[in-house]
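In case you want the letters, here they are:
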Amino acid sequence: MKKLFSFLLLSFVAYVSQAQIQDPVKFKTELKSLSDMEAEIVFTATIDKGWHVYSTELGEGGPISATFNVDSKSGIEPVGKLKPVGKEIATFDKLFEMKVRYFENTAKFIQKVKFTGGTYAIEGYLEYGACNDESCLPPTQVPFKFAGEAKGNTVAAKEDKAEKKDNADKTETDLAVSKDTVAMTGLLSATPVDASTGIQPAVASSELWKPVISELQALGEEHGQKDMSWIYIFITGFLGGLLALFTPCVWPIIPMTVSFFLKRSKDKKKGIRDAWTYGASIVVIYVALGLAITLIFGASALNALSTNAIFNILFFLMLVVFAASFFGAFEIRLPSKWGNAVDSKAESTTGLLSIFLMAFTLSLVSFSCTGPIIGFLLVQVSTTGSVVAPAIGMLGFAIALALPFTLFALFPSWLKSMPKSGGWMNVIKVTLGFLELAFALKFLSVADLAYGWRLLDRETFLALWIVIFALLGFYLLGKVKFPHDDDDNKVGVTRFFMALISLAFAVYMVPGLWGAPLKAVSAFAPPMHTQDFNLYENEVHPKFKDYELGMEYARQQGKPVMIDFTGHGCVNCRKMEAAVWTDSKVSDIINKDYVLISLYVDDKTPLSELVKVVENGTERTLRTVGDKWSYLQRVKFGANAQPFYVLLDGQGKPLNKSYAYDEDIAKYIDFLQVGLENYRKEK
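Residues numbered from 1 in each chain as written. Predicted model: local features only at pLDDT ≥ 70, side-chain atom pairs only at ≥ 80, totals over all residues. Heavy atoms only, no water.

- If you check an unreviewed UniProt entry, the protein appears there as Thioredoxin domain-containing protein from Bacteroides finegoldii CL09T03C10.

See the structure below:
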């Protein structure tokens, strides 16, 4: 909930809480005694659902690792390295091409220290990185300050309140600059003339650093992000259920089941009610399956498995087996005695239980067709990490599967126009087999990157997909036959158009062998840098990585500015650059019409001097260039997650509402063009 405060022009501390400022991680710090001369500084975190905090020592080129940092100390020395404690989740990150470790829900970091005698004092901070599926926080600091005296078996550890009181006047003087926009920005932005460009900022830094949160809101700023994942999961499950309907294991059963319900009761209304109950039973059975999967493994475990290299190999092998089954090599069946036992039980009972058992029998006997589809669906939704995702997916699947039983019961005359069973159902099975084989390569790609085999580089992956979809096209044209196909050489109009789409898709991927972006498959193919031969050069690079210099350059050139708040360890920033910035129209607009300034919130370059500020009543110390840009994002724009894009004029005023993580290219182009239109209106 927003807490609105009066807007003060000369104060950075004007917004105590904004909806875009995210605080998903809360740390508690304490000093615990181990012995006369040893103790531990313990950092305990509570992490909001959907977020994770990265562990220690992840290596260069990866996300922000947790680190222990000391500003000053006396009578006390750190011993060893910062130690992560608790349930770490280790996965392979496809974008960073490295294994990463992180914590969910709770995290604990421990730094051992020893006392060198007498009184002690230590001050510093824990720095950590946190992300969710949509955005990442900048490197965040948890300050600590302890002082006391080592006596016997106890450590009189406490916050050095006396020192705070003694220095209160001095602190107020030092922090006065943080309450004065002009003074603060002068301190932060004392930027020398750039040697390469000769640019000296002319617009006062105070103007460039003024908060513009209210202006962004006036432009239609929307706080928070809409979660469409559940809708996507439901639709995916629903489509899977529709595909399962047209398989040889399900389609022939529909008219028999509906006729049975309508004929076994002289009362037509009762027959319709039984058919509805049958459909509802199917929904209950499959939703229960989805919930059981989550309860057995847990949402976080499913997510961890889906990104684990070994399990990706198992997923790959599972989908290959499912594909072979659809091609007719064998049938995957549950033990026949299971179906017979349930069927005999259904015959011996009456009422609702009988109908439920009949629905359960359908689930068992149709498993050879529905099993591969359900397995693939559950593997896909496991990547969301949501506790209800498998249930939602199964709900969509079951509704699609149950729909015809209830509709045909309501409108029995439709049964006459229902397509008869035939070879077309096997065509659907084989087509699904090709698709499962193609998606299997996605999972093998993750394992290949994890172990560095380089067996499935981007061009190899694309070559296999080209062959798979070309063969699918030839199969649909009747040029390739499988064991259960009939000998009819005629190709219907529907099959012809399906073949046309498949062959066209195969041809579309051919330029990717030479480095074309191929946006339609970018979510499945390995990263572009795994490609050995790449002719594509349509890339976007920032003109500046300094806010004031970039703003002055834009003013001289008469161009608007796009500020890109990013990070070296920001996963979704790289996704946006790969999926959106590579679009020819997007790159053309950014390169020609805007001055792009990329500000890295995890830039570790130290500032010439430490800067103390007060935000929301909390004292913070800015130590690095990244801290400076992160502070700029918070106080000027009221946001702290990356990626974060905002368009400005030469005076630092917004030209459009901000833009966060969304790979919709059309939306991004509209975002850029609206900014250009508003800039031209100002001129």
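**Overview of the UniProt feature "transmembrane region" (unreviewed entry) in the protein**
- UniProt marks residues 230-254, 275-297, 309-330, 351-379, 391-411, 423-441, 461-480 and 492-514 with the feature "transmembrane region" (unreviewed entry), using the numbering shown here.
- In residues 230-254, helix accounts for 72% and strand for 0%; the two terminal C-alpha atoms are 29 Å from one another. (UniProt positions renumbered as here; feature names shortened; annotations may be inferred. Helix = DSSP H or I, 4+ residues; strand = E, 2+ residues; numbered from the N terminus.)

**Observations regarding helix α22 (residues 665-682)**
- If you check α22, its first and last C-alpha atoms are 26 Å apart, about what 18 residues at 1.5 Å a residue would give, namely 26 Å.
- Between the side-chain oxygen of the N-cap and the backbone nitrogen of A666 there are 3.1 Å, and the N-cap of α22 in question is D664. (Expected span 1.5 Å × (residues − 1). Polar contact = N/O pair within 3.5 Å; in protein donor to acceptor, adjacent residues only side chain to side chain.)

**Some remarks on unusual backbone geometry**
- Following Q642, the chain continues to P643 via a peptide bond in cis, the omega torsion being 0°.
- Take P643: it is sitting in the loop between α21 (625-637) and β17 (644-648).
- Of note in this structure, E57 is not a glycine but carries a positive phi near 50°.
- Here E57 shows up in the loop between β3 (52-54) and β4 (67-74).
- Classification of E57 by relative accessible area gives exposed; the value is 53%. (Buried < 20%, exposed > 50% of the residue type's maximum accessible area, 1.4 Å probe, protein only.)

**So, helix α18 (residues 547-557)**
- Buried within α18 we find Y547, E548, L549, G550, M551, E552 and A554.
- Two or three places before E548, at the start of α18, stands the capping residue D546, its side-chain oxygen 3.2 Å from that residue's backbone nitrogen.

**Observations concerning the sheet that holds β17**
- An order of β14-β13-β17 is seen for the 3 strands of this open sheet, with the pairing classed as mixed. Edge positions in the sheet fall to β14 (595-600) and β17, since each of these pairs with one other strand and no more. For this sheet, the mean inter-axis angle between neighbouring strands, taken without regard to orientation, is 20°.
- Both strand β13 (residues 561-566) and β14 contribute to a ladder of 6 bridges, which runs parallel. (Pairing = 2+ DSSP bridges. Axes fitted to C-alpha atoms, helices over the stretch in contact; angles between N-to-C directions.)

**Focus on the pattern of salt bridges**
- Counting across every chain of the model gives 10 salt bridges.
- For E77, the salt bridge goes to K73, with nearest N and O atoms at 3.1 Å.
- Note on E77: relative accessible area 31%, which makes it partly exposed.
- Notably, a salt bridge pairs K592 with D588, separated by 3.0 Å at the nearest N-O pair. With K592 and D588 both in helix α20 (residues 584-593) and 4 residues apart, the pair spans about one turn of that helix. (Salt bridge = Lys/Arg side-chain N within 4 Å of Asp/Glu carboxyl O.)

**Section: a nonpolar patch on the surface**
- Together, W276, L403, L407, L410, F411 and W414 make up an exposed nonpolar region whose accessible area comes to about 530 Å².
- The greatest single-element share of the nonpolar patch, amounting to 3 residues, is contributed by helix α14 (residues 389-410).
- Mapped onto the fold, W276 is located in helix α8 (residues 268-297). (Patch = residues over 30% accessible without salt bridge, like charges linked within 9 Å, V, L, I, M, F, W, Y side chains within 5 Å. Areas by Shrake-Rupley, 256 points an atom, 1.4 Å probe, with all protein chains shown as cover.)

**Quick word on the sheet that holds strand β7 (residues 98-104)**
- Pairing is antiparallel across the open sheet formed by 4 strands, whose spatial order is β6-β7-β3-β10. For this open sheet the edge positions go to β6 (89-93) and β10 (130-131), each flanked by a neighbour on one side alone.
- Pairing between β3 and β7: 3 bridges, direction antiparallel. Each bridged residue has a counterpart across the sheet, and for H52 the counterpart in β7 is E104.

**Observations regarding the packing of aromatic side chains**
- Applying the stated criterion across every chain, the model contains 32 aromatic pairs.
- Their ring planes at 55° and their centres at 6.1 Å tell us that W581 and Y645 sit as a pair that is tilted. One end of the pair, W581, is in the loop between α19 (571-579) and α20; the other, Y645, is in strand β17, with 64 residues separating them in the sequence. Neither residue differs from the other here; W581 and Y645 are each classed as buried.
- Members of the aromatic cluster, joined through ring pairs, are F439, F461, W465, F469, F505 and Y508.
- The ring of Y475 carries the charged tip of R495 above its face, separated from the ring centre by 5.9 Å. (Phe/Tyr/Trp six-rings, centres within 6.5 Å; stacked < 30°, edge-to-face > 60°. Lys NZ or Arg CZ within 6 Å of the ring centre and 35° of its normal.)

**Topic: the packing of helix α16 (residues 458-476) against helix α17 (residues 493-509)**
- At a closest axis distance of 8 Å, the pairing of α16 and α17 adopts a crossing angle of 160°. Judged on the interaxial angle alone, α17 and α16 are roughly antiparallel. Handedness of the α16/α17 crossing: left-handed. Contacts between α16 and α17 pair L462, W465, I466, F469, A470, L472, G473, F474, Y475 and L476 from the former with R495, M498, A499, S502, L503, F505, A506 and M509 from the latter.
- Considered class by class, the residues forming the contact of α16 with α17 number 15 nonpolar, 2 polar and 1 charged. (Parallel < 35°, antiparallel > 145°, perpendicular 65-115°, else oblique. Left-handed = near helix turned anticlockwise from the far one by under 90°. Contact = heavy atoms within 4.5 Å. Nonpolar A, V, L, I, M, F, W, Y, C, P; charged D, E, K, R; others polar.)

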